[in-house]
Amino acid sequence: QVEGGETYLIKEISVTGNTNFSEQTIIAYSKLRKDEEIQVGGEKIANAVKTLWKSNLFSSIDVYVVNIDGNTADLEIHLSDLPELKDLTIEGVKKGKKDEIIDENKLKPGQKVTENLIATTKNYLTSKYRKKGFLNTDVRISTSEVIDSVEKERVDMRILIDKGEKVKIKSINFEGNEIMSDKKLRKAMKNTKQKKFIRFLKRSKYIEDDFREDLVSVVDYYKENGYRDARIISDSISYLNEKNISLDIKVEEGEKYTFGKISFIGNTIYSDRQLSNLLGIKEGDTYNGVELRERIADETNPDANDITNAYQNFGYMFSTINPVEVSAEGNVIDMEIRISEGKPAYFNHVTVVGNDVTNDHVIYRELRTRPGELYRKADIIRTIRELGQLGYFDAQQIVPDIKNPNPVDGTLDVEYSLVEQGSSQIQLQGGYGGGGFIGTLGLSFNNFAIKDIFKKDAYKPVPRGDGQSLALRLQASQFFQTYSFSFSEPWYGGKKPFQLSSSISHSRQFLYDNTTGRADKSKSFNITGLTLGVSTRLSEPDDYFMLSQAISYQHYDLQNYNTGLFTFGDGTSNNLSYTVGLSRSDLSVDPIYPTGGSNFSVSAKFSFPYSLVNGVDYKALKEDREDQNEIISDYRANQNPTLQETAAFNDANARVSEIDQQRFNWLEFYKIKFKADWYQSLTKKLVLRPSMEFGFLGAYNNDRGVIPFERFFVGGDGLANYSLDGREVVQLRGYPNQSLSSQDGGSIYSKFSLELRYPITLGAQAKIYALSFLEAGTSVNDFKDFDPFKLNRSAGFGLRIFMPAFGLLGIDFGHAFDNLPDGTAPKKWETHFIIGQQF
Amino acid sequence: CSDFQKTLKSEDTAAKFEMANELFEAEKWNKSYRLLDQILQKYRGKPQAEKLTFMHAMCSYKLGSYYEASFHFDKFTDIYPQSEKAEEAAFLAAKGYYFNSPVYSKEQKETIEAIEKLQLFVNQYPESSYLGEANQLVKELDFKLEKKAYEIAKQYNKIYEYKASIKAFNNFLLEFPGATLRNDAFYYRFDSAYNLAVLSVEYLKEDRLNDAIGYYNALKKAYPNSEYLEAANLMEEELQQQLNTFTTKS
């Protein structure tokens, strides 16, 4: 006999009972050891039982102390296994549904059958079918022991499901409503609808939870219209027959109230007048409790212009605002808005967690909330937005955690919790295009750490975490090769957001040889370029503005490269230019799927006006060129040219290329561009993006003329391929690529577009959205021909998928409405594949 | 085909056990680990499991998989608290956490975890021969946290956020009373206050000058021989001069 409290030394441990587990396993699992001291009723035994219970494998566990001999004793662990499931029969549903039920409830053979399993399965099934409108669902589960030669204890389970008929709501009847019509009240019920012939989207099912919610909506509807005493007296379901029910709701409307005097108490920061402007409710207005609550604190919109935010954005974190009804005489309600402002709150600790790749300094410099500064809710919201814009973290998962708010000291901490996301992209592709195999290797690292490139440990797989971006791209086919490398540091020097960027590129293109069908290596066009740029954030007019400047140099080298585009097949051309741009961007939050804010940029790129100082008489050259052109066109019109005339034609051609070589030895031009787009949330998910852009390429000296480079190519998918001659490829879907500009590119263009976007998923693994668009644009060579209303229009729809490792991929189907500039009708539908982000 | 490959593919558990043991003794961690991985399950609940579990954890430790090693060492001490290897396992588990601690400029979750684990070890085995090393590791990890807070405060100074810098240094000095970087913190706190005062708007200037001088005095008192003092003295002179213009005005 054991009383409890005695201590024994364990001599042997044995396992008895109905179990299939080996003795050793159970003893090891119980953590009870031989030659160990145990106390009856002590912790060790309790723990052993607890651990065994947790395994969820046994239906009973007992530990006995046996064979007591002085201070030694044996332990006996007595257990029985839980029965395992052998066969399962489900009756009353289709075969396809059975697998679903088995999966969702984990009813696989071998599963331990507990009471809990039976109860949760039953509840799951009942509520599942009720939600689908089978109000009379009845589920029965029975088990029976299996008797066979296997020693394990096993049971068969039988699930009987009687769904009954699908029940629909035939009618919703109201009683007691005199002011509001039945129709209006039914409309207020968002989720519970009565049967109607034309209803497709919302079915007339009865779901208890939804119905309860809707009753609250009905009362809210009354409250919004001044009936603040309105209430539901009773509600009931009556069964009309197997399939139909009707809902009867009895309401009491009460009297209509209006707002009386609204006074503010306790406000020192804002005057009564300022507050009542914010409140926007006047004496005599219909009493609307919902609106009053929203004007004080709008729960649905953290940026709302309400009274709470007015205080929250002024440091008054601890402020509380309570509307109190002080009198309700004659259905006129006088309100007192009682405000307790509290102390202004200052940030104490500002911390960041979750950055296991990105270094602190890259993050902390972007934070708008800093230690010792006044708490402003708007700063937190802006910080979230800007951290999301960096692209290193998943924008959907940035969470600001307010910690240790201390109303006495007026301090609080904020901790931003971030989740790193892949910001590197690797592109390795091979494909056929342009008459041959094209291989591409693209690497872009957007959170690079160049200081770590010699550290072996930092290669995981590349050194990351300093917010620099580095991109490398190699592309080659038999007709062209391009190499480009770029690097940028967003905070050069670490003191201010002063971005330094540089890029080097080189490309070679070869002409097509008509006889062999291969590239003719003796005819080539080489472009080598170098760009250095800086950009800084401005503080005026506001700090969303960026000023950027760049100097770029490109060298064009043509060898025997005679095409329609160039009049000089052999020669060189140099392009040294300066670009200055001003842009403003306040997109919120996710850079892949912005839901608000706008982008706007204007830039000018220009070369030195050489013709003003180099003393070349371009007018004479122009006249000379016109004369030569006359000879050329005369010759072309001539059916039987003489030998002499042919010689003159050849001379004229040679002279034209000589003149053009002189005109374009150093490119002289200016280029103005303007671009703007907006993002506007229409509903909770739907986003509208209007945008417009213009570009103009001009010459300082009209005799010298507009250069053949740096031009605009409008139409198509907008993907800039290998061409590095400064061209701008402008997307205009629905038309073939570059079909809206002349062959050499236009010098003026304009484009307008309206895009409607709908997100399908915005998870961290993949962001997918669907879009539809209306676009219109035009491109001409001369300002005289520019008619901003003569546009090529199109409409269409598409899909975008963004995955961190692959970047943005998309497909668009566009329908063109207008003829191409050359008068031909375009194909009705054009398919565009989109790779990479279009900005 | 080597002996190892043969044994790896065979079904002979005992031979595997023997070879794993030999390889372990010969410090062939990778090969030993592969064998142990195969047979560990088979010995579950048997007396050999104790040794095997320890060897298995040790191999992953030696191979540099510290997350895994710590997990298995922790499990070992949990299952075999009476084992003679328990102390070593507890220490290596904690040390595994130490190796997982990243550079100071990234999230320090693992660092804090490692400090806690090492502290627990020290509390549990106050007589341990590993005590010296454990304390050394804790010190190193503590410095990481200190360095992190210091660098963040210093960055505020660098990006001209002087107010934030002062506050961050104040917090730093409060939270790291024995800090190695205290002297530097005193100086940069003063530097931030100096800049804030010198660049201040007029109506706050006098207060800020006084604050800055206060921080100078704190530096001088705490570190009378600070290498920063020479520079600080010059800055303080300028502050005094500017302050005099206020006192003469009124």
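For every chain, the first residue of the written sequence is number 1, and numbering continues from 1 along that sequence. To label them, take the chains in the order written and letter them from A, then take the ligands in the order written and number them from 1. Residue-level local features of this predicted model are given only where pLDDT is at least 70; pairs of side-chain atoms are given and counted only at 80 or more, and the full residue set underlies all totals for whole chains, interfaces and linings. Think of the side-chain values as coming from all heavy atoms in the structure, minus any hydrogens and water.

## A closer look at the interface of chain B and chain A
By the convention used here, residues are in contact when the closest approach between their heavy atoms is within 4.5 Å. Contacts between the two partners involve 25 residues from chain B and, on the opposite side, 31 residues from chain A. Put simply, buried area is how much 1.4 Å-probe accessible surface two parts lose in total, over both of them, once they are put together. Around 2,400 Å² of area is buried between chain B and chain A when both sides are counted, 49% of it from carbon and sulfur atoms. Summed over the three residues of chain B that lose the most area to chain A, namely Lys106, Glu107 and Gln155 of chain B, the buried surface amounts to 22% of that side. Any carboxyl oxygen of Asp or Glu within 4 Å of a side-chain nitrogen of Lys or Arg constitutes a salt bridge here. Inspection of the chain B/chain A interface yields three salt bridges. Here Lys31 of chain A and Asp78 of chain B are joined by a salt bridge, their closest N and O atoms 3.4 Å apart.

## Details of helix α7 (residues 109-124) of chain B
All names here are of chain B. Compared with the 22 Å implied by 1.5 Å per residue over 16 residues, the 23 Å span of α7 between its first and last C-alpha is a close match. Note on classification: 1.4 Å probe, protein chains only; a residue is buried when its accessible area is under 20% of the maximum for its type, exposed when over 50%, partly exposed between these limits. Strands here mean DSSP runs of E at least two residues long; helices mean DSSP runs of H or I at least four residues long; both are numbered from the N terminus. Every buried residue belonging to α7 is among Glu110, Thr111, Ala114, Ile115, Leu118, Phe121 and Val122, and all of these are buried. Buried residues of α7 fall within an arc of 140° about the axis and therefore sit on the same side. Of the exposed residues in α7, those oriented more than 90 degrees away from the buried face are Leu120, Asn123 and Gln124. Its buried side turned inward, α7 meets α5 (66-79), α6 (86-100) and α8 (131-158). An expected span of 1.5 Å times one less than the residue number is assigned to each helix. The directions from the helix axis to the C-beta atoms form the arc being described.

## Details of the pairing of strand β13 (residues 332-340) of chain A
Residue and element names in this part refer to chain A. Here the rule is simple: two strands pair whenever DSSP picks up at least two bridges between them. Note that strand β11 (residues 258-265) and β13 share six bridges and pair parallel. For Phe264, the partnering residue across the bridge sits in β13 and is Ile337. Of the pairings in the sheet, the one linking strand β12 (residues 320-327) to β13 comprises seven bridges and is antiparallel in character. Residue pairing for β13: Ser327 is matched across the bridge by Asp334. Here β12 hands over to β13 after four residues, with Gly330 in that stretch at a positive phi of 60°.

## Description of the environment of Ala519 of chain A
Residue and element names in this part refer to chain A. Tracing the sequence through the fold places Ala519 in strand β22 (residues 519-537). Linking Ala519 and Asn819, residues 300 residues apart in sequence, is a C-alpha distance of 34 Å. Other than its neighbours up to four places away in sequence, Ala519 contacts Gln478, Phe479, Phe510 and Leu511.

## Some details on the confidence of the model for chain B
Residue-level confidence of the predictor, termed pLDDT, takes values from 0 up to 100. Per-residue confidence for chain B gives a mean pLDDT of 91; residues scoring 70 or more make up 99%. Interface confidence in the predicted complex, given as ipTM, is 0.89; pTM for the same model is 0.73.

## Overview of the sheet that holds strand β9 (residues 231-239) of chain A
All names here are of chain A. Strand order across the open sheet formed by three strands is β8-β10-β9, with mixed pairing between neighbours. Pairing within the sheet leaves two strands with one partner each, and these edge strands are β8 (168-175) and β9. Between one strand and the next, the sheet's axes are offset by a mean angle of 15°, whatever the strand orientation. Where helix α6 (residues 208-224) meets the sheet, its contacts fall on β9 and β10 (244-252), and the angle it forms with β9 comes to roughly 140°. Note on geometry: axes are C-alpha line fits, over the in-contact stretch for helices, and angles between N-to-C directions span 0 to 180 degrees.

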